[in-house]
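# Structural overview for review
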Amino acid sequence: MLALKLAYRNLMGARLRTWLNVIVLSLAFVVIIWFKGVINGWDQQARRDTIDWQIGGGQYWQENYDPYDPFSIEDSHAPMTETILKSVEQGELAPILISQATMYPEGRIQSISLRGISPDQKVIELPTSYLVNDENGIPAIIGERTARNNKLAVGDYVTIRWRDVNGIFDADEVKIVHIFKTNVPVMDLSIVWIPLEKHQEMAGMPGEATILITSKETGFKEDFPGWNFKDHYFLLSEIREMIEMKSVGGSVYFVVLMSLAMLAIFDTQVLSIFRRQKEIGTHIALGMTQRQVVTLFTVEGAMHSVLAAILATIYGAPLLWLQAVVGWSMPAGTDDFGLTIAETIYPAYSLALVLGSTMIVLITTTIVSYIPARRIAKMNPTDAIRGKIQ
Amino acid sequence: MMKNGQLITIQNLIKDYPVGRGFFRALNDINLTIGEGEFAGLIGPSGSGKTTLLNIIGSLDVPTKGEAKVLGQSIGNLNTRQSAKLRNHSLGFIFQTYNLLPVYNVFENVELPLLLLKMSKDERRKLVDQALDWVGLQDKRKSRPPQLSGGECQRVSIARAMVKSPQIVLADEPTANLDAKNSHNILQTMEKLNEELKTTFIFATHDDKVIQYLHRKISLDDGHVVNDEQIKKQ
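From a predicted model like this one, the values you see are computed outputs, not experimental measurements. (Residues numbered from 1 in each chain as written. Chains lettered and ligands numbered in written order. Predicted model: local features only at pLDDT ≥ 70, side-chain atom pairs only at ≥ 80, totals over all residues. Heavy atoms only, no water.)

### Focus: the pairing of strand E10 (residues 211-214) of chain A
Residues and elements named next belong to chain A. As a reminder of what qualifies: The cut-offs for exposure are 20% and 50% of the maximum accessible area for each residue type, with area from a 1.4 Å probe on protein chains only; residues under the lower value are buried, those over the upper are exposed, and the others partly exposed. A run of DSSP states H or I qualifies as a helix once it reaches four residues; a run of E qualifies as a strand once it reaches two. Both are numbered from the N-terminal end. Only when DSSP finds a minimum of two bridges between them are two strands counted as paired.
Residues of E10 alternate between two faces, with Ile211 and Ile213 on one and Leu212 and Thr214 on the opposite face, all of them buried. Strand direction decides the pairing type here: strand E3 (residues 93-104) and E10, joined by four bridges, are antiparallel. Its bridge partner being in E10, Leu93 is matched across the sheet by Thr214.

### Thoughts on the packing of helix H9 (residues 290-326) of chain A against helix H10 (residues 351-373) of chain A
Packed helices, taken two at a time, are described by the angle their axes make and the gap between the axes. Residues and elements named next belong to chain A. Our working rule: Axis definition: a line fit to C-alpha positions, over the contact stretch in the case of helices; interaxial angles, taken between N-to-C directions, run 0 to 180 degrees. To sort the angles, those under 35 degrees are grouped as roughly parallel, those over 145 as roughly antiparallel, those from 65 to 115 as roughly perpendicular, and the leftovers as oblique. Each helix crossing is assigned a hand: it is left-handed if the near helix lies turned anticlockwise from the far helix by less than a right angle, otherwise right-handed if that turn is clockwise. In this description, contact between two residues means that some pair of their heavy atoms is separated by no more than 4.5 Å. Under the scheme applied, nonpolar residues are Ala, Val, Leu, Ile, Met, Phe, Trp, Tyr, Cys and Pro; charged residues are Asp, Glu, Lys and Arg; polar residues are all the others, including Gly.
At a minimum axis separation of 8 Å, H9 and H10 run at an interaxial angle of 150 degrees. The pairing of H9 with H10 is recorded here as roughly antiparallel in orientation. You can see that H9 and H10 cross each other, and the crossing is right-handed. Along its contact with H9, which presents Val294, Phe297, Thr298, Gly301, Ala302, Ser305, Val306 and Ala309, the element H10 presents Thr358, Val361, Leu362, Thr365, Thr366, Ser369, Tyr370 and Ala373. Each residue belonging to the contact of H9 with H10 can be placed in one class, and the counts come to nine nonpolar, seven polar and no charged.

### Structural notes on the domain arrangement of chain A
All names here are of chain A. As a reminder, the rule being used: Here the limits of each domain have been adopted from an automatic or database domain assignment. Buried area, as used here, totals the accessible surface that two parts lose on assembly, with accessibility defined by a 1.4 Å probe and the loss added over both. Any Lys or Arg side-chain nitrogen located within 4 Å of an Asp or Glu carboxyl oxygen qualifies as a salt bridge.
Domain boundaries in chain A define domain 1 (2-52 + 238-386) and domain 2 (59-230). Each of domain 1 and domain 2 has a C-alpha centre, and these two points are 51 Å apart. Every contact between the two is made by 14 residues of domain 1 and, on the other side, 10 residues of domain 2. In this assembly, domain 1 packs against domain 2 so that about 1,000 Å² is buried in total across both faces, 40% of it on carbon and sulfur atoms. Our count for the contact surface shared by domain 1 and domain 2 stands at one salt bridge. In this structure, Asp52 engages Lys216 in a salt bridge whose closest nitrogen and oxygen atoms are separated by 2.3 Å. When residues of the side of domain 1 that touches domain 2 are assigned to their parent elements, the largest contribution, five residues, is made by helix H2 (residues 16-55). For the side of domain 1 that touches domain 2, the class distribution of residues is four nonpolar, four polar and six charged.

### Let's talk about the interface of chain B and chain A
How large an interface is tends to be reported as the accessible area lost when its parts come together. Contact residues are listed per partner, giving 26 residues for chain B and 21 residues for chain A. Regarding the contact of chain B and chain A, the summed buried area is about 2,200 Å², with carbon and sulfur atoms giving 62% of it. Among the residues of chain B in contact with chain A, Leu60, Tyr104 and Leu116 of chain B are the three that bury the most area, contributing 24% of the side total. For the pair chain B and chain A, the number of links is two salt bridges.

### Thoughts on helix H1 (residues 50-57) of chain B
Within H1 of chain B, seven of the eight residues are buried, leaving the element largely enclosed by the surrounding structure. Those residues of H1 of chain B not exposed but buried are Lys50, Thr52, Leu53, Leu54, Asn55, Ile56 and Ile57 of chain B.

### What about the nonpolar core?
Applicable threshold: What is meant by a nonpolar core is a set of buried Ala, Val, Leu, Ile, Met, Phe, Trp, Tyr and Cys residues, joined one to another through side-chain atoms within 4.5 Å.
With 77 residues, the main nonpolar core has Leu6 of chain A together with Ile8, Ile10, Leu53, Val70, Ile168 and Ile202 of chain B as its most contacted residues. Considering every element that reaches this core, the biggest residue donor is H9 of chain A, with 11 residues. Excluding residues that lie within four positions of it along the chain, Ile8 of chain B makes contacts with Leu32, Thr33, Ile34, Ile57, Lys69, Val70, Ile168 and Ile202 of chain B. With 37 residues, the next largest nonpolar core counts Tyr98, Leu114, Leu132 and Ile158 of chain B among its residues.

### Re the pattern of salt bridges
Pairs may arise between side chains of opposite charge once their charged atoms sit close together. Summed over the entire model, instances satisfying the criterion amount to 19 salt bridges over all chains. Residue Asp188 of chain A is joined to Arg145 of chain A by a salt bridge in which the shortest nitrogen-to-oxygen separation is 2.9 Å. Taken as a pair, Asp188 of chain A in the loop between strand E7 (169-180) and strand E8 (191-195) and Arg145 of chain A in helix H4 (residues 144-150) lie far apart in primary sequence, 43 residues in all. Linked by salt bridges that have partners in common, Arg9 of chain A together with Glu108, Glu111 and Arg124 of chain B make up one network.

### Considering a positive patch on the surface
Put simply, the rule is: Each patch is built from residues lacking any salt bridge and having more than 30% relative accessible area; the joining distance is 9 Å for like charges and 5 Å for nonpolar side chains (Val, Leu, Ile, Met, Phe, Trp, Tyr). In these tables, accessible area is a Shrake-Rupley quantity obtained with a 1.4 Å probe, and a residue counts as shielded only by the protein chains included in the view. Here the positive residues are Lys and Arg and the negative ones are Asp and Glu; neither His nor the chain ends is included. Every charge is mapped to an atom, namely NZ of Lys, CZ of Arg, CG of Asp or CD of Glu.
Taken together, the side chains of Lys5 of chain A together with Lys121, Arg125 and Lys142 of chain B define a basic patch exposed on the protein surface. Note that Arg125 of chain B resides in helix H4 (residues 121-135).

### Description of the packing of aromatic side chains
Describing an aromatic ring pair means giving the distance of the ring centres and the angle of the ring planes. How we decide: Between 30 and 60 degrees the pair is tilted, below 30 it is stacked and above 60 it is edge-to-face, where a pair is any two Phe, Tyr or Trp rings, Trp via its six-membered ring, whose centres lie within 6.5 Å. When the NZ atom of lysine or the CZ atom of arginine is within 6 Å of a ring's centre and also within 35 degrees of its normal, the charge is said to sit over that ring.
Inspection of every chain in the model, using the stated rule, returns 11 aromatic pairs over all chains. Both rings, one in Phe93 of chain B and one in Phe95 of chain B, keep their centres 5.9 Å apart while their planes meet at 5 degrees; by these two values the pair is stacked. Across the ring face of Tyr104 of chain B, the terminal group of Arg9 of chain A is positioned such that the distance to the ring centre comes to 5.6 Å. The positively charged end of Arg240 of chain A is found above the aromatic ring belonging to Tyr233 of chain A, 3.8 Å away from the centroid.

### Overview of the sheet that holds strand E10 (residues 224-230) of chain B
Through backbone hydrogen bonds, the strands of a sheet pair up, either in parallel or in antiparallel fashion. Residues and elements named next belong to chain B. Spatial ordering of the open sheet is given by E6-E7-E8-E3-E9-E10, a layout of six strands whose pairing is mixed. Two strands lie at the open edges of the sheet, namely strand E6 (91-94) and E10, each paired on one side alone. Averaged over all adjacent pairs, the angle separating strand axes in this sheet is 15 degrees, with direction ignored. The strands touched by helix H6 (residues 180-197) are strand E3 (39-43), E6 and strand E8 (200-205); relative to E8, the strand with the most contacts, the crossing angle is about 150 degrees.

### Focus on the packing of helix H1 (residues 2-14) of chain A against helix H3 (residues 106-116) of chain B
Interhelical geometry of H1 of chain A versus H3 of chain B gives an angle of 165 degrees and a closest axis separation of 11 Å. As judged from the angle between their axes, H1 of chain A and H3 of chain B are roughly antiparallel. As H1 of chain A runs across H3 of chain B, the sense of the crossing is left-handed. Along the contact surface, H1 of chain A presents Leu2, Lys5, Leu6 and Arg9 of chain A, while H3 of chain B presents Glu108, Glu111, Leu112, Leu115 and Leu116 of chain B. Grouping the amino acids of the contact of H1 of chain A with H3 of chain B by side-chain chemistry returns five nonpolar, no polar and four charged.

Spelled out as structure tokens, the structure:
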């Protein structure tokens, strides 16, 4: 308690020197929390969007389906059993039939993934209600990225060619009835969505599907022979790995910022111990043990981080709150990198994040303050009183 | 334990400092007793050992051989905590360069020893006010050391040494940085406190202005006590 009181007095007495360190340290606090908040916000948004748009409550994959092996696609389909069809009717499952195809926008050849989905499904947020039958051709919806890459607009017709279950090529025109916007690129890039029944008819696979998406609300999970259930942990593994990679990158910022702040504290401590030898000697003469003086100097250094936390709260909390509300706009074209990322990321700050960061800074500052302060224990008090350099 | 009001007993004290492969003998066979309420001075030229002896009495240093007993405690046998406790409770220090904490104001500097004694706020305020009255610095209580003259700084230093009413005050060249007028003021203040509070003052000095105030002169030369003279004051 005495060390706290004296340390506070010393820091307040040192005025500018104290506040320069505190400002640097508070900047480290704010930037570390902000950066981690951005990563958290992105993580939450990416998970939310992926669940809403792509994976629902989990997916059943036809046992041959392997999204990373294009050659497996033509064998990755199976008839839906009555149980499955019943669940589809009840809105618990959304079947998707996937086949490889080729699109010819403006005479160019573009490989695509042709996907059939029921226009009535409500399991994922894909706007399938636009896929109503059109007398003028096969209705199709595509994402903004596919539309931009292929210069397609609503109302355009584009030729697609596919192979049916027997390996026979066929072609037809699809009409772009809607262009949707999504933060999940894997639902957009080079994908053409058409009505499920039409796709089954075109491919000669009536009543068949490649994957079944479960509704996230129902917690649906039954065993279907020939279908493998993939849960969130599996389906979100790519996002998790990407966020972890970004977190590692963020750690570099963290280390650089902390090093700068800690260097300032370390320098201050070394300078203090060098400059304040008379003061150290005086404390000992007045009745402090050398260990108590070491504690005093360590607390003094560590108290920088407490003051920095207070200062960071004063100016950082409104700034971080504003950023959390207004968000951080990503540069144009970021979503073209294939990352599940929104146009605007809203940082998410948790109590654990703030307390964790504060504790790390506090502990590091204490250690950095203690290291030079240990020298005091080796000082000769009589030399210290005279300010003799030791 | 103390005998016949003797606060300090020094017997056959030797203090050596290592120098290269050998050593330098700063104090050689010192024998002394200093009693309660004395106003004594260790006098002698530079290098005679007076500051070394003062430091040993103040438990800031330890003898190489022999014994130094202060308030019944053998300095050489005290651990760091015990010697800190002795200084904290019973000893006051006045330094040549004042050694005030520059970031504290006068009040806070004088209050510091009481904080170490864990006194209550009210008690601290009362004792600091009293000490500032003794040295006539009530009007400077909010000033910081850089705003004070040398004489004022030394008066703060006296107040800090006296605030806890120690049994012994050790003053190392207290007037070395002061002009004649300030030196006399300081010495008169200390003499007054010695008379009123019966606090033992021990000086280490070679300043004639100090020497003329002493009631006892212990002359040191080359680490030996060469003369020990009681002065009758009128």
